[in-house]
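Observations on chain architecture
So the chains spell out like this:
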Amino acid sequence: MKNKQIFFTGVHQAELMECELPELKADDVLTRTEYTVISGGTERACLLGMNNTSQSFPMSLGYCGVGYVEKIGRRVTGLSAGDRVLVYHGNHAKYNITHFSNVTKAENTGVSSLEAAFVIIASMGLGGVRKLELEIGESAMVMGQGLLGVFATQFLRASGANPVIAADLNPERRSLALRLGADYAFNPADKEFVNEVRAVTKGRGVNATVEVTGVSAALSQALDCASWMGRISLLGCTRVSDHPIDFYTQVHKPGIKLIGAHNFVRPKYESYPHHWTHHDDCRAILDLLERKRIEVMPVVSRIVHPETAKEIYDQLCDDEDFPIGTVFDWRSV
């Protein structure tokens, strides 16, 4: 069976290619894609061969998508042809074959497929928030307002953080954060950034921070903004480590907790407080979307055809202000 799929064929090289689908195995599910969302930070890093990526080409990404089940393997239960599903660790492709454990039903009729396409990446933002073990009334901040950050900001507000502070270099992203629940949005490039953050926390500093950028300079700023015995969840994959951190002064002496929040560090089968499985988080987010507790549509920047993949990924590599909510529409491929 022929498929259309986006491949990274080398550094700064992406194209839509035709390929042959592999055979369906007993534990696999074949899905037909509606939408996939570009995860800008991760995909840019992989496409440019940055630190802590495989640096092996060709590769195909696209771990955040939604579609319909076409066929299931003989050992798969709980899924049927025609089910709408979220596909985790699939590809930017018209069809995906993946292990059934990477598929979550999206049964909420009040959630559009376009909204559902963002749920997997939103679950990563939620995971970073959960690990902070936030209590109502604590101050909270998100460093970086890309896709993960803008959802983390919404989840912090939903969790009772006060105030919620957003930090990003891009003024449009700061405006979006304010629209989606942040009480304050600051530019970390401002000389007074740390003082501004401390002022809105009444001099106490931030109790709980989600660091999304993966940049050591941003982590250093988050440490400078942290309260006594504050917590910082390290959600962003660390790829830029060119800024020194004084671990005695910034971490050890004030008693700061640094919490690894990589999405792979989750319970696999059973959720427990502050550590939910991937499937449980996805189902929770679908319910929150259906009840209008969080929003996706303001995050959607544009919907593009997969035939434009080369141009889109050229822009991702070269434009610092790449639109965060870029979605491939596979329905007409």
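Refer to the structure printed above.
Remember, it's a predicted structure, so these values are computed and weren't measured experimentally. (Residues numbered from 1 in each chain as written. Predicted model: local features only at pLDDT ≥ 70, side-chain atom pairs only at ≥ 80, totals over all residues. Heavy atoms only, no water.)

Looking at the element boundaries, Thr-209 is found in strand β11 (residues 206–211). The buried category is assigned to Thr-209, whose relative accessible area is 0%. Apart from the residues lying within four places of it in its own chain, the contact partners of Thr-209 are Leu-132, Met-141, Met-143, Ala-222, Arg-231, Ile-232 and Ser-233. (Helix = DSSP H or I, 4+ residues; strand = E, 2+ residues; numbered from the N terminus. Buried < 20%, exposed > 50% of the residue type's maximum accessible area, 1.4 Å probe, protein only. Contact = heavy atoms within 4.5 Å.)

So, on to the nonpolar core. Of all hydrophobic cores here, the largest spans 54 residues; its most connected members are Leu-86, Phe-118, Phe-151, Leu-156 and Val-210. Aside from chain neighbours lying at most four places away, what touches Leu-86 is Gly-65, Val-66, Asn-102, Val-103, Thr-104, Ala-106, Ala-116, Val-119, Ile-120, Cys-282 and Leu-286. One finds Met-143, Phe-186, Leu-219 and Leu-223 within the second-largest nonpolar core, a separate group that totals 18 residues. (Core = buried A, V, L, I, M, F, W, Y, C linked by side-chain atoms within 4.5 Å.)

A few words on the pattern of salt bridges. Summed over the entire model, instances satisfying the criterion amount to twelve salt bridges. Its salt-bridge partner being Arg-283, residue Asp-280 comes within 2.8 Å of it at the nearest N-O pair. Taken together, the residues span about one helical turn, with Asp-280 and Arg-283 both in helix α9 (residues 278–290) at a distance of three residues. According to the relative accessible area criterion, Asp-280 is partly exposed, its value standing at 25%. One salt-bridge network, in which partners are shared between bridges, spans Asp-83, Lys-105 and Glu-107. (Salt bridge = Lys/Arg side-chain N within 4 Å of Asp/Glu carboxyl O.)

What follows is about the environment of Gly-73. Assignment of secondary structure puts Gly-73 in the loop between β4 (64–72) and β5 (84–88). It is 5.3 Å that separates the C-alpha atoms of Gly-73 and Asp-27, two residues lying 46 residues apart in sequence. Setting aside anything within four residues of it in sequence, one finds Gly-73 in contact with Leu-24, Lys-25, Ala-26 and Asp-28.

Let's shift gears to the pairing of β4. By the bridge criterion, seven bridges tie strand β3 (residues 28–37) to β4 in an arrangement that is antiparallel. Each bridged residue has a counterpart across the sheet, and for Thr-33 the counterpart in β4 is Gly-67. In terms of strand pairing, β4 meets β5 through five bridges, oriented antiparallel. Counterpart to Gly-65 in the pairing with β5 is Val-87. (Pairing = 2+ DSSP bridges.)

If you trace the six strands from one edge of the open sheet to the other, you get β10-β9-β8-β11-β12-β13, paired in parallel fashion. Of all the strands in the sheet, the pair left with one neighbour each is β10 (184–186) and β13 (257–260). Averaged over all pairs of adjacent strands, the angle between their axes in this sheet comes to 20°, without regard to strand direction. In this sheet, β10 lies alongside strand β9 (residues 164–167) in parallel orientation, the contact comprising three bridges. Residue pairing for β10: Ala-167 is matched across the bridge by Phe-186. Contacts between helix α7 (residues 216–225) and the sheet are confined to β8 (140–143), β11, β12 (226–234) and β13, with β12 contributing the most and set at about 150° to the helix. (Axes fitted to C-alpha atoms, helices over the stretch in contact; angles between N-to-C directions.)

Shape descriptors only; they carry no functional weight alone.
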